[in-house]
Amino acid sequence: MSNLDRQLIGKALVKLRGDSPREKVAKAIGISVSALQMYENGQRIPRDEIKVRIAEFYKKTVQDIFFNPNPHELCGEKNTA
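Since the structure is predicted, the reported quantities are computational estimates derived from the model, not experimental observations.

Student: Help me understand unusual backbone geometry, please; the structure alone is not making it clear to me.
Tutor: Where the residue is not glycine, phi is negative for most of them; where a peptide bond is considered, it is trans in most cases. Positioned with a positive phi, K59 is a non-glycine residue whose angle comes to about 55 degrees. For K59, the position within the fold is in the loop between α4 (48–58) and α5 (62–67). Among the residues examined, K59 registers a relative accessible area of 74% and is labelled exposed.

Next up, the structure:
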């Protein structure tokens, strides 16, 4: 996965979290705060089982969050090509 993909996923995760504290979201998903921070910063991509838990928490599909081939509309970045 390219660095750009990781950055787009990170932006999507930050947008989905909104004003919720990182600690609350991490606990609900069952991951550490530092892991969530790395996902949001685009440093790491979660394992598949974590992707599923994140998607369930945000009531989205794994496809929508992690595999959308276009820049995430969640981030306000639409493909204008």
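Structure's up, so let's keep going.
Student: Where do I start with the side chain of E40 in this structure?
Tutor: Secondary-structure assignment places E40 in helix α3 (residues 33–40). The exposure class of E40 is buried, given its relative accessible area of 5%. Polar side-chain contacts of E40 include one of 2.8 Å to the side chain of R22. With residues near it in sequence (within four places) discarded, E40 still touches G10, K11, L13, V14, R17 and R22.

Student: What should I look at first to understand the packing of helix α1 (residues 3–17) against α3 in this one?
Tutor: For any two helices packed against each other, the geometry comes down to the angle between their axes and how far apart the axes lie. Remark: α1 packs on α3, axes separated minimally by 7 Å, with the N-to-C direction vectors making an angle of 120 degrees. Considering the angle they form, α1 stands oblique to α3. Of the residues in α3, those touching α1 at G10, K11, L13, V14 and R17 are L36, Y39 and E40. Residue classes in the contact of α1 with α3 are distributed as four nonpolar, one polar and three charged.

Student: Teacher, can you tell me more about α4 here?
Tutor: Within an α-helix, residues lying three or four positions from one another point in the same direction, as the helix has 3.6 residues per turn. Among the residues of α4, I50, K51, I54, A55 and Y58 are the ones counted as buried. Buried residues along α4 cover an arc of 140 degrees about the axis, so they all sit on one side. Tucked inside the fold, the buried residues of α4 contact α1, α2 (22–29), α3 and α5. One or two steps after α4, the chain reaches K59, where phi turns positive at roughly 55 degrees.

Quick notes on the rules
- Residues numbered from 1 in each chain as written.
- Predicted model: local features only at pLDDT ≥ 70, side-chain atom pairs only at ≥ 80, totals over all residues.
- Heavy atoms only, no water.
- Helix = DSSP H or I, 4+ residues; strand = E, 2+ residues; numbered from the N terminus.
- Buried < 20%, exposed > 50% of the residue type's maximum accessible area, 1.4 Å probe, protein only.
- Polar contact = N/O pair within 3.5 Å; in protein donor to acceptor, adjacent residues only side chain to side chain.
- Contact = heavy atoms within 4.5 Å.
- Axes fitted to C-alpha atoms, helices over the stretch in contact; angles between N-to-C directions.
- Parallel < 35°, antiparallel > 145°, perpendicular 65-115°, else oblique.
- Nonpolar A, V, L, I, M, F, W, Y, C, P; charged D, E, K, R; others polar.
- Arc of directions from axis to C-beta.

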